[in-house]
Amino acid sequence: ELTLNMTDITKVYSTEDMDTHALRGIDLEIYKGDFVSICGPSGCGKSTLLSLLGLLDMPTSGKYFIGGTDVSHLNLSEAAYIRNEKIGFIFQSFNLIDELSVFDNIALPLRYRRNKVSEKDIEKKVTECLQIVDMTHRAQHKPNQLSGGQQQRIAIARALVGNPALLLVDEPTGNLDSRNGDAVMEMLQQLNANGTTLCMVTHDPRYADMAGRKLHLLDGKIIDSQTL
Ligand code: ADP
Ligand code: ADP
């Protein structure tokens, strides 16, 4: 069971001449199978919250538990291990590697696994994920030979390949037209319906309202939590 639990989380970015208080006391519980959207104006801390949820960065203070394990102060390799096993990421910019084929881009998370995954199992999983996003016919293409909508579908396949319990999504439709944006959102809803916990930052109110719970962030605090 994967429950995420944050208590009084703060994040301060310190530079030589300035401290930026990006998060100021976040209390948040996310249960297995939830679909949570995070909204709020630019600079309010949405991406910071997502990066802490995904163990891409550590909080300045506060407690964070994933499935009962204290992950408030992991070192880089412990954080990378949990990320690889449990968490998938989808970003606005697709972050695909142009030198690698679509197939090899999707395979990457499996190839980073601490416990080696056999090439046979990689082939099986990647093929499965290509089917889910309907891109089987593009397996040997390079990312820059694909349209934006297609690249985002590849990024989704890469996020799915490791069967993540938690999917963290930052403005997934930001670089897409409305038709491709709708298709991506349909895919995410389907994944959630199949049991994947979903946490999504979005500016688009239509997409935010597809979640089961909408959090409104302002100036580093959750000022409203709405059940939809
Ligand atoms: P949002 O995603 O809502 O636009 P962010 O989480 O990106 O907000 O940023 C929250 C605040 O933290 C902003 O004031 C931003 O300038 C600051 N910030 C974000 N990342 C860094 C960083 N790496 N170093 C310094 N300040 C940062
Ligand atoms: P979508 O509706 O998915 O965004 P487009 O209408 O932009 O697709 O593209 C249609 C076809 O053109 C796609 O099959 C894609 O492979 C190809 N294509 C789009 N952009 C490029 C590009 N920059 N280089 C090569 N092929 C492209």
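Residues numbered from 1 in each chain as written. Chains lettered and ligands numbered in written order. Predicted model: local features only at pLDDT ≥ 70, side-chain atom pairs only at ≥ 80, totals over all residues. Heavy atoms only, no water.

Visitor: A description of the overall build of the protein should follow, citing residues and the corresponding values.
Guide: Across its full length, the protein carries 7 helices and 10 strands. Compactness check: the protein gives a C-alpha radius of gyration of 17 Å against a globular reference of 17 Å for 228 residues, within 12% of the reference. Roughly 11200 Å² of accessible area belongs to the protein as shown, and the carbon and sulfur atoms make up 48% of that amount. Side-chain charges of the protein comprise 23 positive and 29 negative groups, with the mean position of each set lying 5 Å from the other. (Helix = DSSP H or I, 4+ residues; strand = E, 2+ residues; numbered from the N terminus. Rg over C-alpha atoms; globule rule 2.2 N^0.38 Å. Areas by Shrake-Rupley, 256 points an atom, 1.4 Å probe, with all protein chains shown as cover. Lys, Arg positive; Asp, Glu negative; His and termini not counted. Charge placed at Lys NZ, Arg CZ, Asp CG, Glu CD.)

Visitor: A description of the site of ligand 1 should follow, citing residues and the corresponding values.
Guide: If you check the shell around ligand 1, you find Y13, T20, A22, P41, S42, G43, C44, G45, K46, S47 and T48 and nothing else. At 2.8 Å, a backbone N or O of S47 approaches an oxygen atom of ligand 1. Within the complex, 59% of the 560 Å² of free accessible area of ligand 1 lies under protein. Contributing elements (two or more residues each) for the shell around ligand 1: strand 2 (18-30) and helix 1 (46-53). A class-by-class count of the residues in the shell around ligand 1 yields 4 nonpolar, 6 polar and 1 charged. (Near = heavy atom within 4 Å. Polar contact = N/O pair within 3.5 Å; in protein donor to acceptor, adjacent residues only side chain to side chain. Nonpolar A, V, L, I, M, F, W, Y, C, P; charged D, E, K, R; others polar.)

Visitor: Describe in detail the pairing of strand 7 (residues 166-170), supporting the description with residues and values.
Guide: When you tally the buried positions in strand 7, you get 5 out of 5 residues, the bulk of the element. By the alternation rule, side chains of strand 7 split into L166, L168 and D170 and L167 and V169, which are all buried. Relative to strand 7, strand 6 (residues 87-90) is paired through 4 bridges, and the arrangement is parallel. Paired with G88 across the bridge in strand 7 is L167. Two elements, strand 7 and strand 8 (residues 197-201), share 5 bridges in a ladder whose sense is parallel. (Buried < 20%, exposed > 50% of the residue type's maximum accessible area, 1.4 Å probe, protein only. Pairing = 2+ DSSP bridges.)

Visitor: Any details on the packing of aromatic side chains? Residues and values, ideally.
Guide: Under the definition given, this model contains 1 aromatic pair. Aromatic pair F89 and F91: ring centres 6.0 Å apart, planes at 5 degrees, arrangement stacked. The class of F91 is partly exposed, set by a relative accessible area of 28%. (Phe/Tyr/Trp six-rings, centres within 6.5 Å; stacked < 30°, edge-to-face > 60°.)

Visitor: Explain helix 1 to me, using residue names and the numbers behind them.
Guide: Burial analysis of helix 1 places 7 of its 8 residues in the buried class, the great majority of the element. Taken together, the buried positions of helix 1 are K46, T48, L49, L50, S51, L52 and L53.

Visitor: How would you summarise the site of ligand 2 if you had to cite specific residues and measurements?
Guide: Around ligand 2, the neighbouring residues are R138, N144, Q145, S147, G149, Q150, R179 and N180. One nitrogen or oxygen atom from the side chain of R138 is found 3.2 Å from an oxygen atom belonging to ligand 2. One of the side-chain nitrogen or oxygen atoms of Q150 is found 3.0 Å away from an oxygen atom of ligand 2.

Visitor: So what's going on with unusual backbone geometry? Residues and values would help.
Guide: At N163, a position not held by glycine, the phi torsion is positive, near 50 degrees. Residue placement: N163 occurs in the loop between helix 5 (148-160) and strand 7.

Visitor: Which residues make up the UniProt feature "domain: ABC transporter" (unreviewed entry) in the protein, and what values do they have?
Guide: When the UniProt feature table is mapped to this numbering, "domain: ABC transporter" (unreviewed entry) covers residues 4-228. Secondary structure across residues 4-228 comprises 34% helix and 29% strand; the distance between its end C-alpha atoms is 20 Å. (UniProt positions renumbered as here; feature names shortened; annotations may be inferred.)

Visitor: Just give me the short version of the pattern of salt bridges, but keep the residues and values in it.
Guide: Taken as a whole, this structure holds 10 salt bridges when the rule is applied. D104 is the partner of R111 in a salt bridge, and the nearest nitrogen-oxygen pair spans 3.0 Å. A salt bridge links D182 to R206; its shortest N-O distance comes to 3.5 Å. In this pair, D182 is assigned in helix 6 (residues 178-193) and R206 in helix 7 (residues 205-208), connecting sequence segments 24 residues apart. Members of the salt-bridge network, linked through shared partners, are D104, R111 and E119. (Salt bridge = Lys/Arg side-chain N within 4 Å of Asp/Glu carboxyl O.)

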